[in-house]
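Observations on chain architecture
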Amino acid sequence: MEITKKYLDDLTYTFLGCCINVHKELGPGLLESVYQQCIIEELKYNDISFSSELTIDLKYRGKEIDSKLRADLVIENCIVVELKSVKEFQPIFDAQLLTYMHLLKVPKGILINFNCLNIFKQGQKTFVNDIFYELPNN
């Protein structure tokens, strides 16, 4: 399947809906791992393919580095997701997600914080990878 802006936008919308459903059901204040398991159930329910705790390969000067980097979720091989349950977003979370996007060569990244009142308004940040800036619209 060709990745288009519309496809990414639709997938993002569906994924954020999954997060909102989980947040409505559980509310804030739980561990990230609890939210992750519930998001996985939502993704399965919506028939969305994903990888959980995906190991991110890292090469440095041509050598494989055992970095132990893991992405919380990679959705449909085109969106990397980092889940948090923290008081507030920190700049290091943005840097982490942007680095994962670069290493995985995916066009989009979403940072979700479940420890908020409203996922849509305060609990999510979306990033676009510049290498995919010219995706077709359809």
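Now for a description of the structure that goes with this document.

Analysis parameters
Residues numbered from 1 in each chain as written. Predicted model: local features only at pLDDT ≥ 70, side-chain atom pairs only at ≥ 80, totals over all residues. Heavy atoms only, no water. Phe/Tyr/Trp six-rings, centres within 6.5 Å; stacked < 30°, edge-to-face > 60°. Helix = DSSP H or I, 4+ residues; strand = E, 2+ residues; numbered from the N terminus. Buried < 20%, exposed > 50% of the residue type's maximum accessible area, 1.4 Å probe, protein only. Pairing = 2+ DSSP bridges.

As enumerated under the stated definition, the model contains 1 aromatic pair in all. Considering the side-chain rings of Tyr-35 and Phe-114, the 4.3 Å spacing of their centres and the 5° angle between planes classify their relative orientation as stacked. One end of the pair, Tyr-35, is in helix α2 (residues 32-45); the other, Phe-114, is in the loop between β6 (108-113) and α4 (119-122), with 79 residues separating them in the sequence. There is no split in this pair, since Tyr-35 and Phe-114 are both buried.

Taking burial as the measure, the 6 residues of strand β4 (residues 70-75) include 5 buried ones, the bulk of the element. In this structure, strand β1 (residues 50-55) lies alongside β4, joined through 5 bridges in antiparallel fashion. Looking at β4, one finds that Phe-50 is bridged to Ile-75. Bridge analysis of β4 against strand β5 (residues 79-84) gives 3 bridges, and the strand direction is antiparallel. Residue pairing across strands places Leu-73 opposite Val-81, the latter belonging to β5. Taken together, β4 and the strand that follows it, β5, pair antiparallel across an intervening segment of 3 residues, in which Glu-76 is found at a positive phi of about 50°.

Treat this as a map of the structure, not an account of what it does.
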